[in-house]
Amino acid sequence: MSTQQGGRFFFNVDWITILIYVALCTIGFVNIYASIYNPDTSTLFNFGSNYGKQLIFIITALVLGFSILLLDAKFFSVFAPIVYGVTLLLLMVVLVVGRKVAGNQAWIPLGSFRLQPSELAKFGTALLIARYVGNFNPKFRDIKSIFFAGLIICFPLLLIMLQPDTGSALVFLAFMFPLYREGLSGYFLLIFLGMIVLFIADFLVPISVLIPIILLVGGFFAYQNKRKQQMMFSMIIATIVAVAYLFLVKFAYEKVLEPHQRTRIEIILGLKTDPKGAGYNVIQSKIAIGSGQLTGRGFLEGTQTKYGYVPEQSTDFIFSTIGEEWGFVGCSVVIALYIFLLLRVINLAERQRSTFSRVYGYCVASIIFFHVFINIGMTIGIIPVIGIPLPFISYGGSSLWSFTVLLFIFLKLDSNRMGFI
């Protein structure tokens, strides 16, 4: 790389996004240190501890990220199918040789390190979706284009469900938003919201009551429409699908979900209380966050954190450490950083000259948003505990590296937007 090219490279990279990334990683390291702090053994460079390992993960992630910035931007479009294929292969391998942790066979043991292929599958899927939309320019108004996009998303989703890792699988629903940006009908988002409403209603209201309600709603919309005959046929089909979905939810709940997953859903919906079992994590997390009040108890001063009341506090429940030790102010700063990052990525995506780069940018924003919303929702008890990390903050090498690759690929595409059409 010549001096002139090197200067242009550093000038074009969006350093604001990188600063947000570094800030989130730093916040993560500080709170992982606090979550497992032991005054007798805790030294900053204890590489046998989780915070010591996280420091190594952060350093290697930075090396990985800046290495990506040195690659040719077209590399990611050309090799997107290969990257996607490798991630699918790893998802198959983990089903054979993977190690079970908390009921999920989701990790491939590599010595003292464990690789989680489901994390890598996120940027592999994002690359292939961007490649498909960029090459074929589908408008998602016909079944064929929706079908092919759906296949790209469903292959890794189904393999992850076989582990079974429901939380990681649900993240793949985030890819609906980039497709919506590229022309997917808003009806699909309404259908998605309707499925969520029906899912909840299926637990709270008997099916014998739900079915007449669905029929009445469908009949009302059909009557209000001018083309009554055509609308009536559509509503009949929609009603049949909705009723079938209700029975499918019941079947999946009883036959597919693990007992601990069923219990978590029941607790969130208020159908069951289990303060010493499945509900323990959330109760302790809410106590920790609430005890932080406005400015927090102070660094290393959180009692819930210090005495280990919150399980998985350095991973899935890291936000409870932030809430207890840094309070409402600390939580607001973290959420503000995420909002700023998401808005920044979307803004960068909209200025891309290539469809591939724009779609990939929206995939990045959607995945990060999904993770942040679900993870924080878990810790404050408004979403069932499904075990997904808080991006750049939770402990874990696979998570940090995959999010770093996901973000830095987009930063590379953006830095080369004038030459990538």
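Conventions adopted
Residues numbered from 1 in each chain as written. Predicted model: local features only at pLDDT ≥ 70, side-chain atom pairs only at ≥ 80, totals over all residues. Heavy atoms only, no water. UniProt positions renumbered as here; feature names shortened; annotations may be inferred. Pairing = 2+ DSSP bridges. Helix = DSSP H or I, 4+ residues; strand = E, 2+ residues; numbered from the N terminus. Axes fitted to C-alpha atoms, helices over the stretch in contact; angles between N-to-C directions. Contact = heavy atoms within 4.5 Å. Salt bridge = Lys/Arg side-chain N within 4 Å of Asp/Glu carboxyl O. Buried < 20%, exposed > 50% of the residue type's maximum accessible area, 1.4 Å probe, protein only. Parallel < 35°, antiparallel > 145°, perpendicular 65-115°, else oblique. Left-handed = near helix turned anticlockwise from the far one by under 90°. Nonpolar A, V, L, I, M, F, W, Y, C, P; charged D, E, K, R; others polar. Core = buried A, V, L, I, M, F, W, Y, C linked by side-chain atoms within 4.5 Å. Domains from an automatic or database assignment.

For the chain, an unreviewed UniProt entry supplies the name Cell wall polymerase and the organism Pedobacter hartonius. Check the Subcellular location (unreviewed entry) section of the UniProt entry for the chain; it says "Membrane".

### Considering the sheet that holds strand β1 (residues 99–101)
Across the sheet, which stays open at both edges, the three strands sit in the order β1-β2-β3 with antiparallel pairing between neighbours. If you trace the sheet from one side to the other, it starts and ends with β1 and β3 (113–115), each paired once. Across the sheet, the mean angle from the axis of one strand to that of its neighbour is 50°, orientation sign disregarded. Where strand β2 (residues 104–110) and β3 come together, three bridges link them in antiparallel fashion. Bridge pairing links Ile108 to Leu115 in β3. Strands β1 and β2 of the sheet are contacted by helix α5 (residues 80–97), whose axis makes an angle of about 95° with β2.

### Details of the environment of Glu324
Among the structural elements, Glu324 can be located in helix α16 (residues 318–350). As a C-alpha pair, Glu324 and Gly302 span 22 residues in sequence and 5.8 Å in three-dimensional space. When neighbours within four sequence positions are excluded, Glu324 is seen to be in contact with Ala288, Ile289, Ser291, Gly292, Gly296, Arg297, Gly302, Thr303, Gln304 and Thr305.

### Considering the pattern of salt bridges
Scanning the entire structure with this criterion turns up seven salt bridges. The closest approach of N and O atoms between Asp14 and Arg344, which form a salt bridge, is 2.4 Å. Of the two residues, Asp14 is situated in the loop between α1 (3–12) and α2 (15–35) and Arg344 in helix α16; the sequence distance between them amounts to 330 residues. One salt bridge in this structure joins Arg297 and Glu324, with 3.8 Å as the shortest N-O distance. Placement of the pair is Arg297 in the loop between α14 (280–291) and α15 (303–306) and Glu324 in helix α16, with a sequence separation of 27 residues. When its relative accessible area of 40% is taken as the criterion, Arg297 is described as partly exposed.

### Some points on the packing of α5 against helix α7 (residues 143–161)
The interhelical angle for the contact between α5 and α7, taken along N-to-C directions, is 20°, at an axis separation of 9 Å. Between α5 and α7, the angle falls in the class roughly parallel. With respect to the hand of their crossing, α5 and α7 are arranged in left-handed fashion. From α5, Tyr84, Leu88, Leu91, Met92 and Leu95 reach across to α7, where they touch Leu151, Ile152, Phe155, Pro156, Leu159 and Ile160. Counted by class, the contact of α5 with α7 contains 11 nonpolar, no polar and no charged residues.

### A few points about the nonpolar core
By size, the foremost hydrophobic cluster in this structure holds 102 residues, and its most contacted members are Ile129, Tyr360, Ile368, Phe392 and Ile393. The element that contributes the greatest number of residues to this core is helix α17 (residues 355–379), accounting for 14 residues. Residue-level mapping places this core at the junction of two domains, with at least three residues from each of domain 1 (1–71 + 265–354 + 369–393) and domain 2 (73–184). Excluding its chain neighbours within four sequence positions, the residues that come into contact with Ile129 are Ile152, Ile153, Phe175, Leu179, Val359 and Cys363. Of all hydrophobic cores here, the second largest spans 12 residues; its members include Phe203, Leu210, Val249 and Tyr253.

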